[in-house]
Amino acid sequence: MILLAMIPLCGAVLFSRPVCAEEKAPGGLSIPRPAIFMWGYSDSSRASGKKLWDLTLRTVNIIEGLTSNAKFVRGLRAEGKVFAWHVVNRIKEGDSVESIVEEWSKPFRDTLKGKLPGGFDAISIDELHPWPDGDARSELVIKALAELKRRYPGKLILAAVRWQVAASGLKRVKGEVYDRQLRAIRDNVDLVFLEFYLNEVNPQFHVFGELAENVERLAPGIIDKSIYGLGIPQNKPFPYGDSSPHVEFGDYLDKQIHTIRNHPLAAKMPGIGYWVFYRARSTTVQHVLNLSRHYYIDGKKSFYGDGDYSSLVKSPSFEKGLAGWKVEGKGAEVISYKEVPDIPAWHSAKFASHGKRLLRTLAASEKEDCTVSQEIAVEPGTTYILTGWVAAPVGTHVSLSYSY
């Protein structure tokens, strides 16, 4: 079985620029502007992917995750960048405002055995949930945020917020109201990472503007400290970038940010964020760095690419048979199948849209191969990635290749 998806990722040289910091907290700390946020740092991921993290840190100025490397955090601090320690919002029976604040604030007091004077500068709360006004958990969060900011006015509080909270009162959440939590977020959170993750089969670009308008109406001023968090995972169980063979993920991300930057209100957001580093391919990480520089550091509103996120490959999942494909040799046929192998049915039904057909090839003999190919137009200086799903008996020779 072969399913093809082409993802264009344009290369660009990245240059460091000074960060323009605004809205300093009483202790002198500030959220960088523009805010370029990458979620998912760990010391192990840095060790295994040092080159990619080094490249990322040339553009990203807010890093969320966990680390025991005081030298690394001090280095970021000296560059005006922020390391936000990952804390979890899990409220259970018996929790109080005091116990929640105590747990969330631990990084502020952690000096890494004296190697990080003053402790961590920032925390990132994962995540604020759509608990309606009046819900006991919502009331605890509201009070905990206020008390946390009161006790640590010189520290930075960042929070990931689920998109449903931003849809307070709308039909999308069946009219449920989260207004009190929204206002508490506005008053006590220094940077809101508003989660709105679009996989390739659900291109609801218009919702970016809808949510921006709604939160600003309900909590005036919140837009100035909010950024959208885009989903960049490309593996199970969150294949946002591999859910449709008809979409090129790089241009799909370009379309998302272009939509945000060209909406009258969403364009006022001070940056962009990405979830999550360790689930994205290296080429996708590099691509979002280029997008960030184009739209936020360089301040452009034009498309980074050509504005077309459709696949370059004709009939990539063979739903239209072999239309557009050149067949050499014998033994190629398109047949039907019921599910993608090795992926749970719930997962395939929810995220994947690879169709119900596949290409089956069988060489006529050991000396005569069966080749199926397609010519596409490409742009100079552009990187193209060929991916495919292949199932074959042990010992079978299968080749995915290109020539130009």
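Here the residue numbers are simple positions, counted from 1 along each chain's written sequence. Only residues with pLDDT of at least 70 get local features here, since the model is predicted, and only at 80 or more are side-chain atom pairs given and counted; chain-wide, interface and lining totals rely on the full set of residues. To obtain the side-chain values, all non-hydrogen atoms of the structure were used and water was disregarded.

Draft legend 1. Here's a closer look at the overall build of the protein chain. A tally of regular secondary structure across the protein chain gives 12 helices and 16 strands. A simple rule labels every residue: compare its accessible area, found with a 1.4 Å probe on the protein chains alone, to the largest value its type can have, and call it buried under 20%, exposed over 50%, or partly exposed in between. Taken over 404 residues, the protein chain has a buried fraction of 51%. Nonlocal contacts in the protein chain, meaning residues at least 24 apart in sequence, comprise 76% of its contacts between residues at least 6 apart. Per element, the accessible surface of the protein chain, about 19300 Å² overall, is 52% carbon and sulfur. Labels follow the DSSP assignment, with helices taken as runs of H or I lasting at least four residues and strands as runs of E lasting at least two, numbered in each case from the N terminus. Contacts between residues were defined by any pair of non-hydrogen atoms, one from each residue, lying within 4.5 Å. Note on areas: Shrake-Rupley, 1.4 Å probe, and residue coverage restricted to the protein chains presented here.

Draft legend 2. Quick look at helix 10 (residues 249-261). Residue count minus one, scaled by 1.5 Å, sets the expected span of a helix. Here helix 10 spans 18 Å end to end across 13 residues, near enough to the 18 Å set by a 1.5 Å rise per residue. Across the 13 residues that make up helix 10, a large majority, 12, are buried. Those residues of helix 10 that fall on the buried side of the exposure criterion are Phe249, Gly250, Asp251, Tyr252, Leu253, Asp254, Gln256, Ile257, His258, Thr259, Ile260 and Arg261.

Draft legend 3. Spotlight on helix 6 (residues 136-151). Its 16 residues place the ends of helix 6 22 Å apart at the C-alpha level, agreeing with the 22 Å of an ideal helix rising 1.5 Å per residue. When we look at burial in helix 6, the residues that qualify are Ser138, Glu139, Leu140, Val141, Ile142, Ala144, Leu145, Glu147, Leu148 and Lys149. Close packing links the buried residues of helix 6 with helix 4 (97-104), helix 5 (106-109), strand 7 (122-128), strand 8 (156-161) and helix 8 (179-188).

Draft legend 4. Quick look at the packing of aromatic side chains. Within 6.5 Å between ring centres, the rings of Phe, Tyr and Trp (the latter by its six-membered ring) count as paired, and their orientation is classed by plane angle as stacked under 30 degrees, edge-to-face over 60, tilted in between. According to the stated counting rule, one finds 22 aromatic pairs in the structure shown. Measuring from ring centre to ring centre gives 5.0 Å for Trp85 and Phe120, while their planes differ by 55 degrees; the resulting arrangement is tilted. A residue pair is termed long-range when its members are at least 10 positions apart, and Trp85 in strand 6 (residues 82-88) and Phe120 in the loop between helix 5 and strand 7 qualify at 35 residues. According to the relative accessible area criterion, Phe120 is buried, its value standing at 0%.

Draft legend 5. Up close: unusual backbone geometry. With an omega dihedral of -10 degrees, the bond running from Arg33 to Pro34 counts as a cis peptide bond. In this structure, Pro34 sits in the loop between strand 3 (31-33) and strand 4 (35-41). With an omega of -5 degrees, the peptide bond running from Asp126 to Glu127 counts as cis. Residue position: Glu127 is located in strand 7.

Draft legend 6. Structural detail: the pattern of salt bridges. When a carboxyl oxygen of Asp or Glu is within 4 Å of a side-chain nitrogen of Lys or Arg, the pair counts as a salt bridge. Considering all chains together, one arrives at 16 salt bridges under this definition. For Arg46, the salt bridge goes to Asp54, with nearest N and O atoms at 2.7 Å. A residue is classified by how much of its surface remains accessible, and Arg46, at 19% relative accessible area, is buried. Residue class for Asp54 comes out partly exposed when judged on its relative accessible area of 27%.

Draft legend 7. Seen up close, the environment of Phe277. Take Phe277: it is sitting in the loop between strand 11 (271-275) and helix 11 (282-297). Phe277 sits in the buried class, given a relative accessible area of 6%. Separated by 45 residues in the primary sequence, Phe277 and Ile232 place their C-alpha atoms 7.7 Å from one another. The contacts of Phe277, once residues within four sequence positions are left out, are Met38, Trp39, Gly40, Leu52, Trp53, Thr56 and Val285.

Draft legend 8. Geometry of the confidence of the model for the protein chain. Per-residue confidence for the protein chain gives a mean pLDDT of 87; residues scoring 70 or more make up 84%. The low-confidence segment residues 1-22 (pLDDT under 50) makes 96 contacts with residues lying over four places distant or belonging to another chain. pLDDT measures how confident the predictor is about each residue, on a scale from 0 to 100. Contacts of residues 346-350 to residues separated by more than four positions or lying in other chains number 7 contacts, the stretch itself having pLDDT below 50.

Draft legend 9. Broad picture of the sheet that holds strand 5 (residues 62-65). Strand order around the closed barrel formed by 8 strands is 4-5-6-7-8-9-10-11, with parallel pairing between neighbours. Adjacent strand axes in the sheet meet at a mean angle of 25 degrees when their direction is disregarded. The pairing criterion for strands is at least two bridges between them, as found by DSSP. As defined by bridge partners, strand 6 adjoins strand 7 across 5 bridges and the pair is classed as parallel. What sits directly across from Ala84, in strand 7, is Ala122. Geometry is summarised by axes, namely lines fitted to C-alpha atoms with helices restricted to the contacting stretch, and by angles between N-to-C directions that run from 0 to 180 degrees.

Draft legend 10. Fine view of the packing of helix 4 against helix 6. Packing of helix 4 against helix 6 brings their axes to within 9 Å, and their N-to-C directions diverge by 55 degrees. When the interaxial angle is binned, helix 4 and helix 6 end up oblique. Once helix 4 is placed against helix 6, the crossing between them reads as right-handed. Between helix 4 and helix 6, the residues in contact are Val97, Glu98, Ile100, Val101 and Trp104 and Leu140, Lys143, Ala144, Leu145, Glu147, Leu148 and Arg151, respectively. Each residue gets one of three labels, nonpolar for Ala, Val, Leu, Ile, Met, Phe, Trp, Tyr, Cys and Pro, charged for Asp, Glu, Lys and Arg, and polar for the others, Gly among them. Of the residues in the contact of helix 4 with helix 6, the class split is 8 nonpolar, no polar and 4 charged. Any angle that falls under 35 degrees is termed roughly parallel, while one over 145 is termed roughly antiparallel, one within 65 to 115 roughly perpendicular, and all others oblique. Take the far helix as your reference; a near helix turned counterclockwise from it by less than a right angle gives a left-handed crossing, and one turned clockwise gives a right-handed crossing.

Draft legend 11. How the structure looks around the packing of helix 10 against helix 11. With their axes 10 Å apart at the nearest point, helix 10 and helix 11 run at an angle of 25 degrees to one another. By the criterion of interaxial angle, the relationship of helix 10 to helix 11 is roughly parallel. Considering the relative orientation of helix 10 and helix 11, their crossing is right-handed. Two secondary-structure elements touch here, helix 10 through Phe249, Gly250, Asp251, Leu253, Asp254, Ile257, His258, Ile260 and Arg261 and helix 11 through Thr284, His287, Val288, Leu291, Tyr295 and Tyr296. In the contact of helix 10 with helix 11, the residues fall into 8 nonpolar, 4 polar and 3 charged.

Draft legend 12. Geometry of the pairing of strand 8. In terms of burial, strand 8 is largely enclosed, as 6 of its 6 residues are buried. Residues Leu156, Leu158 and Ala160 point to one face of strand 8 and Ile157, Ala159 and Val161 to the other, with burial holding for every one of them. The pairing of strand 7 with strand 8 spans 5 bridges and is classified as parallel. Paired with Ala122 across the two strands is Leu156, which belongs to strand 8. Each parallel crossover has a hand, and the one from strand 7 via helix 6 to strand 8 is right-handed. For crossovers, right-handed means that the path from the first strand over the helix to the second runs clockwise, given strands pointing away from the viewer.

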